[in-house]
Amino acid sequence: MNETEVQIAGDSEPEESPYRNLWVPLIIVPAGIVIAIVIVFALFGAIAGEEASLAENLDRVLHGGQNDRDQALFNLARQATENHTAVSEGREPPWAVEEGFLGRVRMVVGQIDEDEYSTRLTLGVLLSSFGDPGGAEILLALLELSDDDDPQGKVRFDAILNLGLIGTPAATEPVLVFLQHEDEGLQSIAAIALQALPGEGVRAALVATLSDSVLSVRGSAAVSLSKLDPPEPAAAPVLRELAGTETYASENGLDVRKYRLGRLVSQNRVRAVQALARLGRPEDRALLESLEGDEDLAVREAALVALRDRGPR
């Protein structure tokens, strides 16, 4: 199981798009259907209801009323997640996958309205969780939505995220385009997804993004560059910037909606320290040593681990 880092690490006013003006690079999420539960929470919320099989929930997506459909989509993601978790732990999956189920999922995708983007997104992730290449095709098609189709960017954001989690080679070029998008959230998630997407142009594009004027975008690119093989040392100046506190205070001074939660700043700093550790540059040792006494215990621990793994001078 591979890993990709994703967390919405800033915050904004409720009336704004939840994906604008945020740094989105930083929690570890296992690849596959697990991320679908996050998508459905965001799109539909947790909706209680009676238990139904995978097939029954799929039927409700096609034939139910709006509330039934929303509940069914949530349940499909939850059930697939529970199956995924059980298999990874060596247990029998709790939800039976009937013969022909994936074919029926593809049929439902073909029958729902073209503008049911959130439903297409969830079903595309569901197919991808079973290794069906048709899932990636659905997600790729969602990248072509316009700002009018997807005004808050939520559908494209989650499609990019999942294409990165899947590691779909065909997604590299379409995702690269989003590094130039005007929506900072879409730029940031594109930079993060590219760490898992193959292509000769990925490293160069991410290096170019390090000079972006937006902290969230250049920070996302720097974290991704530290995850490439080999890690890209050009990311170091941005990571060093993100490991401190001054940058966040400055950003908050310019816009009080950004980086106002200490917990999120702490998480970002920890990930920056971990990314610096991946680079393994001798010249970063002094910075890591200076963080051994940081007042943030999480940052202090990350620095101690990084120094321990490096060994003595």
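In case you missed it, the structure is sitting above this.
Predicted, not measured: the structure shown is a model, and the values here were computed from it.

## A word on the packing of helix H4 (residues 101-111) against helix H5 (residues 117-129)
Here is step 1 of the chain: One way to put it is that H4 packs onto H5 with a least axis distance of 10 Å and a crossing angle of 155°. Relative to H5, the element H4 is oriented roughly antiparallel. Crossing angle aside, the handedness with which H4 passes H5 is left-handed. Residue-level contacts link Phe-101, Leu-102, Val-105, Arg-106, Val-108 and Val-109 of H4 to Arg-120, Leu-123, Leu-126 and Leu-127 of H5.
Here is step 2 of the chain: When its residues are assigned to classes, the contact of H4 with H5 shows eight nonpolar, no polar and two charged.

## Examining the nonpolar core
Nonpolar side chains tend to gather and get buried jointly when the protein is soluble and globular.
Here is step 1 of the chain: Formed by 61 residues in total, the largest nonpolar core has its most connected members in Leu-142, Leu-143, Ile-160, Val-175, Leu-194, Leu-206 and Leu-239.
Here is step 2 of the chain: If we skip the residues at most four places from it in the chain, Ile-160 touches Leu-143, Val-175, Phe-178, Leu-186, Ile-189, Ala-190 and Ala-193.
Here is step 3 of the chain: Judged by nonpolar contacts, the second largest core, of 17 residues, contains Val-105, Ile-112, Leu-123 and Leu-127.

## Some remarks on the side chain of His-181
Here is step 1 of the chain: By secondary structure assignment, the location of His-181 is in the loop between helix H8 (172-177) and helix H9 (184-193).
Here is step 2 of the chain: Reaching out from His-181, the side chain makes a polar contact with the side chain of Asp-147 at a distance of 3.4 Å.
Here is step 3 of the chain: A polar contact of 2.9 Å, which involves the side chain of His-181, links it to the backbone nitrogen of Asp-183.
Here is step 4 of the chain: If we skip the residues at most four places from it in the chain, His-181 touches Asp-147, Arg-156, Leu-186 and Gln-187.

## A short note on the environment of Val-109
Here is step 1 of the chain: With respect to the element layout, Val-109 can be found in helix H4.
Here is step 2 of the chain: On the basis of relative accessible area, Val-109 is assigned to the buried category, the value being 10%.
Here is step 3 of the chain: The spacing of Val-109 and Gly-124 is 15 residues in sequence and 8.4 Å in space, taken between C-alpha atoms.
Here is step 4 of the chain: When neighbours within four sequence positions are excluded, Val-109 is seen to be in contact with Arg-120, Leu-123 and Ile-138.

## Let's talk about a negative patch on the surface
Here is step 1 of the chain: On the surface, a cluster of negative charge is made up of Asp-113, Asp-115, Asp-148 and Asp-149.
Here is step 2 of the chain: Along the polypeptide, Asp-115 turns up in the loop between H4 and H5.

## A look at the environment of Arg-313
Here is step 1 of the chain: Position of Arg-313 relative to the elements: it lies in the segment after helix H16 (297-310).
Here is step 2 of the chain: Sequence separation between Arg-313 and Arg-285 is 28 residues, and the spatial gap between their C-alpha atoms is 9.0 Å.
Here is step 3 of the chain: Ignoring sequence-local partners within four residues, the contact set of Arg-313 consists of Arg-285 and Glu-289.

Rules used throughout
- Residues numbered from 1 in each chain as written.
- Predicted model: local features only at pLDDT ≥ 70, side-chain atom pairs only at ≥ 80, totals over all residues.
- Heavy atoms only, no water.
- Axes fitted to C-alpha atoms, helices over the stretch in contact; angles between N-to-C directions.
- Helix = DSSP H or I, 4+ residues; strand = E, 2+ residues; numbered from the N terminus.
- Parallel < 35°, antiparallel > 145°, perpendicular 65-115°, else oblique.
- Left-handed = near helix turned anticlockwise from the far one by under 90°.
- Contact = heavy atoms within 4.5 Å.
- Nonpolar A, V, L, I, M, F, W, Y, C, P; charged D, E, K, R; others polar.
- Core = buried A, V, L, I, M, F, W, Y, C linked by side-chain atoms within 4.5 Å.
- Buried < 20%, exposed > 50% of the residue type's maximum accessible area, 1.4 Å probe, protein only.
- Polar contact = N/O pair within 3.5 Å; in protein donor to acceptor, adjacent residues only side chain to side chain.
- Patch = residues over 30% accessible without salt bridge, like charges linked within 9 Å, V, L, I, M, F, W, Y side chains within 5 Å.
- Areas by Shrake-Rupley, 256 points an atom, 1.4 Å probe, with all protein chains shown as cover.
- Salt bridge = Lys/Arg side-chain N within 4 Å of Asp/Glu carboxyl O.
- Lys, Arg positive; Asp, Glu negative; His and termini not counted.
- Charge placed at Lys NZ, Arg CZ, Asp CG, Glu CD.

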